Amino acid sequence: MAIITDRKYYMEDKLKLNLDYVPSMLDRDNDFWMIICGPERAGKSTLGKQIAYYLDPTFNHERIGGSSENYIQVVLKEKGKRKAFLWDEAGMGGDAIGFASKENKMMRSFAEIVGYKNHIHILCLPSFYKLSSYFAVDRSAHLIQVVGKPFRKEDGTPDFLKGKFRAWGRRKKNLMYTNYKKRGKLFSEFRDYAGKFNDFSPINEAAYMQKKEELLMQFLPKEKKKEKIDDTELIKELLRRGKSVKEIQSIVNKSHVWIYEQRKRLNLEEEETAGVD
């Protein structure tokens with residue numbers, strides 16, 4: 001294992017070798033999507049934070065999102081490029097994108113548009129197979145499954161023995177997903193490599209836990225207001241790509257009148273821009 005970053009934590013050599021190719025992908029005007037799956041409390045978020053920090057030393061708790069809408073908001077707040085983000089969907093109680101069709105459409109449109117930012121997206125969730133094929137097959141380049149064993153502490157409280165993982169590259173990952181959807185076959189033993197990781201957080205863990213508490217408060221009965229997200233830029237980009245008002249309505253929760261108004265404003269902006277030498 002190699003000691004990496006200024007935080008001096010360990011990373012499996014084969015995992016590091018695969019991650020070292022990511023900057024060259026970003027150089028070619030791509031972004032990078034990775035999936036980390038596995039049981040609750042098995043260390044998905046821990047490994048995800050270690051990978052994110054290795055690829056982007058500016059990564060911190062502010063770049064971790066919960067629900068799908070919250071994750072989009074977190075990414076849109078970042079004005080720079082080539083930044084790492086962690087979608088801690090499992091740890092923060094967000095909805096899996098494979099379940100709700102409208103949410104899935106919004107996430108897919110967002111992923112298609114945000115690619116030009118060349119960001120790094122790490123998705124943590126319990127089940128790889130519950131993702132839509134767009135994210136599981138088309139978008140993601142790498143899959144990691146954290147594995148562990150449940151046990152009870154001396155005081156009787158349940159815990160999870162974590163620290164191991166298995167990994168698949170794009171080809172084997174796609175084969176596994178296709179085989180499961182067609183034949184119900186689960187994880188193949190023909191993994192590309194396996195390894196271990198330490199229970200270490202390279203970011204401010206107190207701030208991260210505080211953020212988790214704030215996001216979990218959204219699910220209390222008294223807090224029924226849905227988190228608002230500024231999706232104006234998303235809608236403008238969809239209009240630029242020739243999407244119809246009806247198609248956009250199926251993706252975002254906006255009235256056709258509001259979308260028509262945005263289209264009118266966009267046409268005026270483009271006309272004004274075209275008139276400038």
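Please read all numbers here as calculations on a predicted model, not as lab measurements. (Residues numbered from 1 in each chain as written. Predicted model: local features only at pLDDT ≥ 70, side-chain atom pairs only at ≥ 80, totals over all residues. Heavy atoms only, no water.)

Student: For this particular structure, what's the right way to read the overall build of the protein?
Tutor: Helix and strand counts for the protein come out as 11 helices and 9 strands. Within the span of the protein, comprising 277 residues, buried residues form 47% of the whole. Long-range pairs, those at least 24 residues apart, make up 71% of the contacts in the protein between residues at least 6 apart in sequence. In the form shown here, the protein has an accessible surface area of approximately 15,300 Å², with 51% of it arising from carbon and sulfur atoms. (Helix = DSSP H or I, 4+ residues; strand = E, 2+ residues; numbered from the N terminus. Buried < 20%, exposed > 50% of the residue type's maximum accessible area, 1.4 Å probe, protein only. Contact = heavy atoms within 4.5 Å. Areas by Shrake-Rupley, 256 points an atom, 1.4 Å probe, with all protein chains shown as cover.)

Student: Sorry if this is basic, but what is going on with unusual backbone geometry here?
Tutor: For residues other than glycine, phi is negative in most cases, and the peptide bonds are mostly trans. With phi around 55°, Lys8 is a residue other than glycine that occupies positive phi space. Looking at the element boundaries, Lys8 is found in the loop between strand E1 (2–4) and strand E2 (9–11). Here the phi dihedral of Arg82 falls at roughly 60°; this positive angle occurs in a residue that is not glycine. Within the secondary structure layout, Arg82 lies in the loop between helix H4 (68–77) and strand E5 (84–88).

Student: How do you make sense of H4 when you look at a structure like this?
Tutor: The periodicity of an α-helix, 3.6 residues per turn, causes residues three or four positions apart to be oriented the same way. Of all 10 residues making up H4, 7 are buried, and the element is well covered by its neighbours. The complete set of buried residues in H4 reads Ser68, Glu69, Asn70, Tyr71, Ile72, Val74 and Val75.

Student: Teacher, can you tell me more about a nonpolar patch on the surface here?
Tutor: Taken together, the side chains of Met1, Ile3 and Tyr10 present a nonpolar region at the surface, about 300 Å² in accessible area. Mapped onto the secondary structure, Tyr10 falls in strand E2. (Patch = residues over 30% accessible without salt bridge, like charges linked within 9 Å, V, L, I, M, F, W, Y side chains within 5 Å. Salt bridge = Lys/Arg side-chain N within 4 Å of Asp/Glu carboxyl O.)

Student: Can you help me understand the nonpolar core in this one?
Tutor: Proteins that are soluble and globular tend to have nonpolar side chains buried together. With 38 residues, the main nonpolar core has Phe128 and Phe135 as its most contacted residues. Here this core gets 6 residues from one element, more than from any other, and that element is helix H5 (residues 101–114). In this structure, Leu15, Ile120, Ile122 and Ile203 belong to the second largest nonpolar core, which totals 36 residues. (Core = buried A, V, L, I, M, F, W, Y, C linked by side-chain atoms within 4.5 Å.)

Student: I tried to follow the environment of Thr46 on my own but got confused; where do I start?
Tutor: With respect to the helices and strands, the residue Thr46 is situated in helix H3 (residues 44–55). For the pair Thr46 and Phe197, spaced 151 residues apart in sequence, the C-alpha to C-alpha distance is 8.8 Å. Leaving out residues up to four positions away in the same chain, Thr46 has contacts with Phe197, Asn198, Asp199 and Phe200.

Student: Hey, could you run me through the pattern of salt bridges in this one?
Tutor: It is possible for side chains of opposite charge to pair when their charged atoms get near one another. Per the stated rule, a full pass over the model turns up 10 salt bridges. Its salt-bridge partner being Glu112, residue Arg108 comes within 3.3 Å of it at the nearest N-O pair. A residue pair is termed a helical-turn pair when its members lie 3 or 4 positions apart in one helix, as Arg108 and Glu112 do in helix H5 at 4 residues. Owing to a relative accessible area of 40%, Arg108 belongs among the partly exposed residues under this scheme. Asp192 is the partner of Lys172 in a salt bridge, and the nearest nitrogen-oxygen pair spans 3.5 Å. With Lys172 in helix H7 (residues 170–183) and Asp192 in the loop between H7 and strand E9 (193–196), this pair connects stretches of sequence that are 20 residues apart. With relative accessibility at 38%, the residue Asp192 sits in the partly exposed group. One salt-bridge network, in which partners are shared between bridges, spans Asp56, Arg63 and Glu78.

Student: Would you take a moment to explain the pairing of strand E8 (residues 158–169) for this structure?
Tutor: The side chains of a regular strand alternate between the sheet's two faces. As judged from the 10 bridges shared by strand E7 (residues 142–152) and E8, these two strands associate in the antiparallel manner. Paired with Pro150 across the strands is Phe160, a residue of E8. What sits between the antiparallel neighbours E7 and E8 is a turn of 5 residues, in which Gly156 has the positive phi angle 95°. (Pairing = 2+ DSSP bridges.)

Student: What should I look at first to understand H7 in this one?
Tutor: In this model H7 runs 20 Å from its N-terminal to its C-terminal C-alpha over 14 residues, within 8% of the 20 Å that 1.5 Å per residue would give. The inward-facing, buried residues of H7 abut helix H6 (133–139), E7 and E8. After H7 finishes, the residue Gly184 shows a positive phi value of roughly 75°. (Expected span 1.5 Å × (residues − 1).)

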